[in-house]
There are 2 protein chains.
Amino acid sequence: MTDRTKILLDESEMPTSWYNIVPDLPEPPPPALHPGTHDPAGPEDFLPLFPMDLILQEVSTDPYIEIPEEVQEVYKLWRPSPLFRAHRLEKALDTPAHIYYKYEGVSPAGSHKPNTAVPQAYYNKKAGINKLTTETGAGQWGTALAFACSLFDMELDVWQVRASYDQKPYRKAMIEMFGATIHPSPSELTEAGRAILAADPDSPGSLGIAISEAVEMAAPNPDVRYALGSVLNHVLMHQTIIGEEALLQLAKVEETPDVIVGCTGGGSNFGGLTFPFLREKMAGKMNPTIRAVEPEACPSLTKGVYAYDFGDTAGMTPLMKMHTLGHDFVPDPIHAGGLRYHGMAPLLSHIYELGLIEAISIPQSECFEAGVNFARTEGIIPAPEPTHALAATVREALKAKESGEETVILTALCGHGHLDMAAYAQYLAGEIVDFEYPEDKVNDALTRLPQVAS
Amino acid sequence: MTDRTKILLDESEMPTSWYNIVPDLPEPPPPALHPGTHDPAGPEDFLPLFPMDLILQEVSTDPYIEIPEEVQEVYKLWRPSPLFRAHRLEKALDTPAHIYYKYEGVSPAGSHKPNTAVPQAYYNKKAGINKLTTETGAGQWGTALAFACSLFDMELDVWQVRASYDQKPYRKAMIEMFGATIHPSPSELTEAGRAILAADPDSPGSLGIAISEAVEMAAPNPDVRYALGSVLNHVLMHQTIIGEEALLQLAKVEETPDVIVGCTGGGSNFGGLTFPFLREKMAGKMNPTIRAVEPEACPSLTKGVYAYDFGDTAGMTPLMKMHTLGHDFVPDPIHAGGLRYHGMAPLLSHIYELGLIEAISIPQSECFEAGVNFARTEGIIPAPEPTHALAATVREALKAKESGEETVILTALCGHGHLDMAAYAQYLAGEIVDFEYPEDKVNDALTRLPQVAS
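Fair warning: this is a prediction, and the values are worked out from it, not measured in the lab. Along each chain, residues carry numbers from 1 onward, in the same order as the chain's sequence is written. Numbering of ligands from 1 and lettering of chains from A proceed in the order in which they are written. Residue-level local features of this predicted model are given only where pLDDT is at least 70; pairs of side-chain atoms are given and counted only at 80 or more, and the full residue set underlies all totals for whole chains, interfaces and linings. Calculated side-chain values reflect all of the structure's heavy atoms, with hydrogen atoms and water omitted.

**Student:** Run through the side chain of B:Lys6, naming residues and quoting values.
**Tutor:** Only DSSP runs of H or I reaching four residues or more are called helices, and only runs of E reaching two or more are called strands; each is numbered from the N terminus. You can see B:Lys6 is positioned in strand β1 (residues 6-7). There is a polar contact of 2.3 Å between the side chain of B:Lys6 and the backbone oxygen of A:Arg79. Those residues in contact with B:Lys6 that lie beyond four places of it in its chain are A:Glu11, A:Lys76, A:Leu77, A:Trp78, A:Arg79, A:Pro80, B:Leu83 and B:Phe84. Whenever a nitrogen or oxygen atom comes within 3.5 Å of another N or O atom, the pair is scored as a polar contact, on the condition that within protein one atom can donate a hydrogen and the other can accept it, and that pairs from neighbouring residues in sequence are kept only if both atoms are in side chains. Should any heavy atoms of two residues lie within 4.5 Å, those residues are considered in contact.

Here is the structure:
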């Protein structure tokens, strides 16, 4: 059975619930705090930004939440997504390891992001909202939400991090093709953007800044809500359909993962892939090593502090306890724009503190090398973000080669790189630079962490 | 059963033979002729260009040819490809029609082209060849052959039509990512290219010119062969796996097509989709209308003459009897670069003459409109080439709406448009122009048809 190239599920086998890991954890994650009072934030603190259905999911202690019929129908445009056995990569690496990758690039937006974009648009529409705002880094999230909004006939304004906006011009066309409007961030349209531009007219932007701009344009307006592509509990929960499917698919070929690696920016791809496996691990049914992989230029889990911080740069969001490099830290312009976030999902941060997962960081040149080798063996051109997971996969496969063990490695190829060819062209021309961990910039940013009594 | 969104086949259900329609036709197609003697061309006339296995397939009268195990293994990276029911497009058009599309954009190169690129690379490698040359229009074929050559560890030189080379800069990066070398055509590297540039330094190029350049670089060199992405019998035959799978998939939902539409440049996508259905039709098992759709700017089937002509501009290939606009006709630079070919596959031309298929032409603005509407309903961004098929699908669906009939429409979405976002950006900005049928230019080119005694 394990010699199959791809393991498919029929539509009728698609999971019909998302998995909420919170009730299964040995202790609950710390609550979000109101940014002014520092009291635990209640649902009402989130109401200017999100519809009640999503707020209830954010704080839910139910282990499973049913996927609405309307969302399932849209999911079927690309789900269940395929699980591949990387036979050709294994052969090229001459490794006895079995490498499996769950491929989310088959979605219309080309990444895992529609898994949460679609329910977020759906719940907003259900609450009578017809316009959303959001931020995007590399553009995968902006494309996904634009796609979702086009299906539910909603307006969307997207603020894209300037560094990615400039690197990936065709993202703009793609987002506009789905009917949304896109602005480079920082922009002159918001107070937050104008303040950044006043201090640095050439600011490459950051996810934190773009979030500030999108939040500022939504919060005061009762007809507009904001949508976030990662970080929050409900977002990670929507992504668990990835891991639930992968569990069913590995069971079909009678394999159990020894190592699971995934790239982490805000944490939604990683959480989505790994939480269902973590459930099995906590239940004693399997015992995989679960490892997050982040860019060396923006290593929130491995180098950040675990503290209450803002989700955005301007300090408008509730405070969340997470691994952070400081809310106004601006990462160097690596090509994996989706991993350029100063913080980490509070839920993942908590799980990391509990010792349930590991984390490493990898410089981007090693990642691009893994990406090119992957394309030349498996055929699929990966987005720069999952090349981090692929680089970690290669490391693990070479370790297996040394030990001679048939290690079963699972990873998520969370998106294709068709819109990232300019980055690959730079890599092929030998023009990719590695940014070292910017210790001084981080230490400086950490001096501005909000002071929260413990 | 018909309410499913996508109909999948397991790897174990993948067809293991290609279908050769030639022996099933009421009369055989006219032979290719030697360009000098005008005698029927023998296998030896093709040997400087192709390995014997492919030449034998080109002239085969066996109805089925087994797909080599090594090729099947590569096919499994993306095959069987999904068949989708376009529920959301149907709803948006308010049509009772059932619209099905076979999606080939799931392949690593993003189109149907790897279906023939992989066996072509395989048979060449098997014959001891380690280097290929080829032409490419929009870049789908060049990408596909680069992918195939990377899998079989072969070198590849690609000549890309200048108009597409300039319109789609990231194709170059993609082709280079798979390890191939790419040149804009016309180039200074060949006699054919230099002659064109001497006459018109700003020549936008054409598939015919690019073929001349690639052939010129292969034919005199015994260690190098040439590969063609469409037009020839063996190429169309390799693509029949599309139609064979679609037959199995439609049977799973108990549907029979009333109308099949496909876009036609050289004819390989159209032949691949329709030949297996044509077999069923000739056997009296179904009776679909089968319709080719070509661009108004390059309408070889609907406006060309049926005559012996060269496959390339410089006149180096054997003569083939086909619908042609003249081998030195240079089409206007429409965005569907893959449909900018002066001729039509001789086999399809013959089948058209036999009255077994219909043909229409559509201007590109109607096609782009269909493409955007498709993306906003079905999510997938189509390449400009299959938007021609989608525009024809929309026409047919609206006809069904008028008549109230549940017409079953089948089409092939032969590739995604992720590398064509510049074209969509132009469309969204209102900058797409329609090129009328260039009657005078065609009439002029037709004066230079080779004179062949009948």
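That shown, we press on.
**Student:** I'd like a description of the sheet that holds strand β5 (residues 98-103) of chain A, backed by residues and values.
**Tutor:** Residues and elements named next belong to chain A. Strands pair, by our definition, only if DSSP identifies at least two bridges between them. Pairing is mixed across the open sheet formed by seven strands, whose spatial order is β1-β4-β5-β15-β10-β11-β14. Edge strands, defined here as strands with exactly one partner in the open sheet, are β1 (6-7) and β14 (358-362). Along the sheet, helix α15 (residues 364-378) contacts β4 (83-85), β5, β14 and β15 (408-413); its crossing angle with β14, the most-contacted strand, is approximately 95°. For every element, the axis is a line fit to its C-alpha atoms; helices are fit only across the contacting stretch, and the angle between N-to-C directions ranges from 0 to 180 degrees.

**Student:** I'd like a description of the state of the cysteines, backed by residues and values.
**Tutor:** Residues and elements named next belong to chain B. In plain terms, two cysteine sulfur atoms within 2.5 Å form what is called a disulfide here. One pass over the full model with this rule turns up zero disulfides over all chains. Between Cys298, a free cysteine, and Cys263, which holds the nearest cysteine sulfur, the sulfur-to-sulfur gap is 13 Å. Cys298 gets classed as buried once you look at its relative accessible area, which sits at 2%. Residue exposure (1.4 Å probe, protein chains only): buried if accessible area is under 20% of the type maximum, exposed if over 50%, otherwise partly exposed.

**Student:** Please set out the interface of chain B and chain A residue by residue, giving values where relevant.
**Tutor:** The interface of chain B with chain A comprises 47 residues on the first partner and 47 residues on the second. Buried area: the accessible area, evaluated with a 1.4 Å probe, that two parts lose upon being put together, summed over both parts. Between chain B and chain A, a total of about 4000 Å² is buried, with carbon and sulfur atoms accounting for 62% of that surface. Every case where a carboxyl oxygen of Asp or Glu lies within 4 Å of a side-chain nitrogen of Lys or Arg is listed as a salt bridge. Across the chain B-chain A interface, the total number found is four salt bridges. When the shortest N-O distance is used, the salt bridge between A:Glu11 and B:Lys6 registers 3.6 Å. Across the chain B-chain A interface, the total number found is 19 residue pairs in polar contact (both at pLDDT 80 or more). Listing elements by their share of the side of chain B that touches chain A, those giving two or more residues are α3 (69-75), α6 (140-151), α8 (169-177), α15 (364-378) and α17 (421-428) of chain B. Tallied by class, residues from the side of chain B that touches chain A come to 26 nonpolar, nine polar and twelve charged. Each residue gets one of three labels, nonpolar for Ala, Val, Leu, Ile, Met, Phe, Trp, Tyr, Cys and Pro, charged for Asp, Glu, Lys and Arg, and polar for the others, Gly among them.

**Student:** Give me empty space enclosed by the protein: which residues, what numbers.
**Tutor:** Definitions used throughout: a 1 Å grid over protein atoms alone; a cavity as a set of points that fits a 1.4 Å probe which cannot get out; a pocket as an open set with protein on both sides within 12 Å along at least five of seven lines; a lining residue as one with an atom within 4 Å of a point. Grid points are joined across faces, edges and corners, and a volume is the space filled by probe spheres set on the points. Under the definition given, this model contains eight cavities of 30 Å³ or more. If you add up the space inside the largest cavity, you get close to 530 Å³. A:Tyr103, A:Val106, B:Pro82, B:Tyr103 and B:Val106 are, among the 35 residues lining the largest cavity, the residues nearest its centre.

**Student:** I'd like a rundown of the packing of aromatic side chains, residues and numbers included.
**Tutor:** Here a pair means two rings of Phe, Tyr or Trp (six-membered ring of Trp) with centres within 6.5 Å. Their orientation is stacked below 30 degrees between planes, edge-to-face above 60, and tilted elsewhere. The tally for this structure, following the rule as stated, stands at 27 aromatic pairs over all chains. Between the aromatic rings of A:Phe84 and A:Tyr103, the centroid separation amounts to 6.4 Å while the plane-to-plane angle is 65°, which identifies the pairing as edge-to-face. Linking A:Phe84 in strand β4 with A:Tyr103 in strand β5, this pair joins segments that are 19 residues apart in sequence. In this structure, A:Phe84 and A:Tyr103 share a single accessibility class: buried. Ring geometry for B:Phe46 and B:Phe50: centres 6.5 Å apart, planes at 35°, overall tilted. Here B:Phe50 falls in the buried class, since its relative accessible area comes to 5%. Members of the aromatic cluster, connected to one another through ring pairs, are A:Tyr75, A:Trp78, A:Phe147 and A:Phe178. Charges are assigned to positions over rings by a cutoff of 6 Å between ring centre and Lys NZ or Arg CZ, combined with an angular limit of 35 degrees from the ring normal. The residue whose ring lies beneath A:Arg279 is A:Tyr19, and the NZ or CZ to ring-centre distance is 4.5 Å. In this structure, A:Lys303 packs its charged tip against the face of A:Tyr437, placed 4.3 Å from the ring centre.

**Student:** Please provide a residue-by-residue account of a nonpolar patch on the surface, values included.
**Tutor:** Residues and elements named next belong to chain A. Taken together, Leu47, Met52, Leu56 and Val59 make up a surface patch of nonpolar side chains, about 330 Å² in accessible area. Looking at the secondary structure, you find Leu47 in the loop between α1 (43-46) and α2 (52-58). Residue Leu47 is classed as partly exposed on the basis of its relative accessible area of 33%. The patches reported here contain residues having more than 30% relative accessible area and no salt bridge. Joining distances are 9 Å for like charges and 5 Å for nonpolar side chains (Val, Leu, Ile, Met, Phe, Trp, Tyr). For every accessible area listed, the method is Shrake-Rupley and the probe measures 1.4 Å; residues are considered covered only by the protein chains on display.

**Student:** Tell me what's going on with the relation of the copies chain B and chain A, and back it up with residues and numbers.
**Tutor:** Turning chain B through 180° and shifting it by 0.0 Å along the axis lays it on chain A, with an RMSD of 0.0 Å. Such a combination of turn and shift is consistent with a two-fold rotation axis. By C-alpha distance to the rotation axis, the residue of chain B lying nearest is B:His418, at 3.1 Å. For the least-squares superposition of copies, only C-alpha atoms count, and only for residues with pLDDT at least 70 in both.

**Student:** Kindly report on helix α6 (residues 140-151) of chain A, identifying the contributing residues and their values.
**Tutor:** All names here are of chain A. Given the number of residues in a helix, its expected span is that number minus one, multiplied by 1.5 Å. Under the 1.5 Å per step criterion, the end-to-end length of α6 is 17 Å for twelve residues, consistent within 8% with the ideal 16 Å. For α6, the tally of buried residues reaches twelve of twelve residues, placing the bulk of the element in the interior. Residues of α6 that are buried include every one of Gln140, Trp141, Gly142, Thr143, Ala144, Leu145, Ala146, Phe147, Ala148, Cys149, Ser150 and Leu151, and no others. With its phi angle positive at about 55°, Asp153 sits one or two positions after the end of α6.

**Student:** Residues and numbers for unusual backbone geometry, please.
**Tutor:** With an omega of -10°, the peptide bond between A:Arg79 and A:Pro80 qualifies as cis. Tracing the backbone shows A:Pro80 in the loop between α3 (69-75) and β4. A cis geometry characterises the amide bond from B:Ser185 onward to B:Pro186, with omega recorded as 10°. Here B:Pro186 lies in the loop between β8 (181-185) and α9 (191-199). You will see that B:His38, though not glycine, has its phi angle at about 65°, which is positive. With respect to the helices, strands and loops of the structure, B:His38 is situated in the loop between β2 (17-19) and α1 (43-46). With phi around 70°, B:Val231 is a residue other than glycine that occupies positive phi space.

**Student:** Report on the pairing of strand β13 (residues 319-324) of chain B, specifying residues and quantitative values.
**Tutor:** All names here are of chain B. Most of β13 sits inside the fold, with five of its six residues counted as buried. As paired elements, strand β12 (residues 305-310) and β13 share six bridges and run antiparallel to each other. Residue Phe310 lies in a different strand from β13, and its bridge partner there is Leu319.

**Student:** Let's hear about the environment of A:Glu378: which residues, and what values?
**Tutor:** Locating A:Glu378 in the fold gives a position in helix α15. The exposure class assigned to A:Glu378 is buried, which follows from its relative accessible area of 1%. Remark: the alpha-carbon pair of A:Glu378 and A:Leu390, spanning twelve residues in sequence, is separated by 12 Å. Among all residues touching A:Glu378, those that are not within four sequence positions of it are A:Arg85, A:Ala86, A:His87, A:Arg88, A:Leu89, A:Tyr101, B:Leu77 and B:Pro108. Polar side-chain contacts of A:Glu378 include one of 3.1 Å to the backbone nitrogen of A:Arg88. A polar atom in the side chain of A:Glu378 sits 2.9 Å from the side chain of A:Tyr101.

**Student:** Can you lay out the sheet that holds strand β15 (residues 408-413) of chain B for me, pointing to particular residues and giving the numbers?
**Tutor:** The pairing of strands in a sheet happens through backbone hydrogen bonds and is either parallel or antiparallel. All names here are of chain B. Read across the sheet, seven strands follow the order β1-β4-β5-β15-β10-β11-β14 without closing on themselves; strand pairing throughout is mixed. In the strand order of this sheet, the two ends are held by β1 and β14 (358-362), each with one partner. Bridge count for β1 against strand β4 (residues 83-85) is two bridges, and the pairing is antiparallel. Directly across from Ile7, in β4, lies its bridge partner Leu83. The strands that helix α11 (residues 233-252) touches are β1, β4, β5 (98-103) and β15; relative to β5, the one it contacts most, it runs at about 140°. Packed on one face of the sheet, α15 meets β4, β5, β14 and β15 and runs near 95° to β14.

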